[in-house]
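If you want the building blocks of each chain, they are given just below.
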Amino acid sequence: EGTEYIDEEFTDGEDIETFRLTDEDIAGIPSRLQQLLDDKDGTLQIAYNGMKRALADHTWDKRVEQFTELFYITN
């Protein structure tokens, strides 16, 4: 399920696939999963894009950089 943070950091259908767990959206999950399974190339591209994005922006090294910046800004 997507979150506000995930929605801000990633693009649904481009570098991540998220599903909403509302009553209205749950019914569409099986067909969306089938689409992803049927489109192996597209699904692999989404996975690859997500991996690149995560490695570029969401590693522990990046978090250390962010915390260091915050520390120096607030002190």
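Residues numbered from 1 in each chain as written. Predicted model: local features only at pLDDT ≥ 70, side-chain atom pairs only at ≥ 80, totals over all residues. Heavy atoms only, no water.

The number of helices and strands found in the chain is 5 helices and 0 strands. Listed by position from the N terminus, the elements making up the chain come as α-α-α-α-α. A compact globule built from 75 residues should have a C-alpha radius of gyration of about 11 Å, whereas the chain, at 16 Å, is more than 25% larger. With respect to the three principal axes, the spread of C-alpha positions in the chain is 50 × 30 × 15 Å. Counted over contacts in the chain with a minimum sequence separation of 6, partners at least 24 positions apart contribute 42%. Each charge sign in the chain was given a centre, from 7 positive and 19 negative side chains, and these centres are 5 Å apart. (Helix = DSSP H or I, 4+ residues; strand = E, 2+ residues; numbered from the N terminus. Rg over C-alpha atoms; globule rule 2.2 N^0.38 Å. Contact = heavy atoms within 4.5 Å. Lys, Arg positive; Asp, Glu negative; His and termini not counted. Charge placed at Lys NZ, Arg CZ, Asp CG, Glu CD.)

Note: predicted coordinates in regions of low pLDDT should not be interpreted at a detailed level. Overall, the prediction assigns the chain a mean pLDDT of 92, with 99% of residues at 70 or greater. At the level of individual helices and strands, the chain shows its lowest average pLDDT in helix 2 (residues 23-26), which scores 88, and its highest in helix 4 (residues 40-57), which scores 96. (pLDDT = per-residue confidence, 0-100.)

Right, let's get into the pattern of salt bridges. Scanning the model with the defined rule gives 5 salt bridges in all. Across the pair R32 and E17 runs a salt bridge whose closest N-O atoms are separated by 2.8 Å. Taken together, the positions of R32 in helix 3 (residues 29-38) and E17 in the loop between helix 1 (4-9) and helix 2 put the pair 15 residues apart, joining distant regions of the chain. Ionic pairing is found between R53 and D57, a salt bridge with its closest N-O pair at 3.1 Å. Linking R53 with D57, this pair stays in helix 4, spanning 4 residues, or about one helical turn. The partly exposed category is assigned to R53, whose relative accessible area is 28%. Linked through salt bridges whose partners overlap, the residues forming this network are D15, R53 and D57. (Salt bridge = Lys/Arg side-chain N within 4 Å of Asp/Glu carboxyl O. Buried < 20%, exposed > 50% of the residue type's maximum accessible area, 1.4 Å probe, protein only.)

Moving on: the packing of helix 3 against helix 4. For any two helices packed against each other, one specifies the crossing angle of their axes together with the interaxial distance. Look at helix 3 against helix 4: their axes get within 5 Å of each other, and the N-to-C directions meet at 95 degrees. Judged by the inter-axis angle, helix 3 sits roughly perpendicular to helix 4. Only K40, T43 and I46 of helix 4 make contact with helix 3, whose side of the interface consists of L36, L37 and D38. Across the contact of helix 3 with helix 4, the residue classes break down as 3 nonpolar, 1 polar and 2 charged. (Axes fitted to C-alpha atoms, helices over the stretch in contact; angles between N-to-C directions. Parallel < 35°, antiparallel > 145°, perpendicular 65-115°, else oblique. Nonpolar A, V, L, I, M, F, W, Y, C, P; charged D, E, K, R; others polar.)

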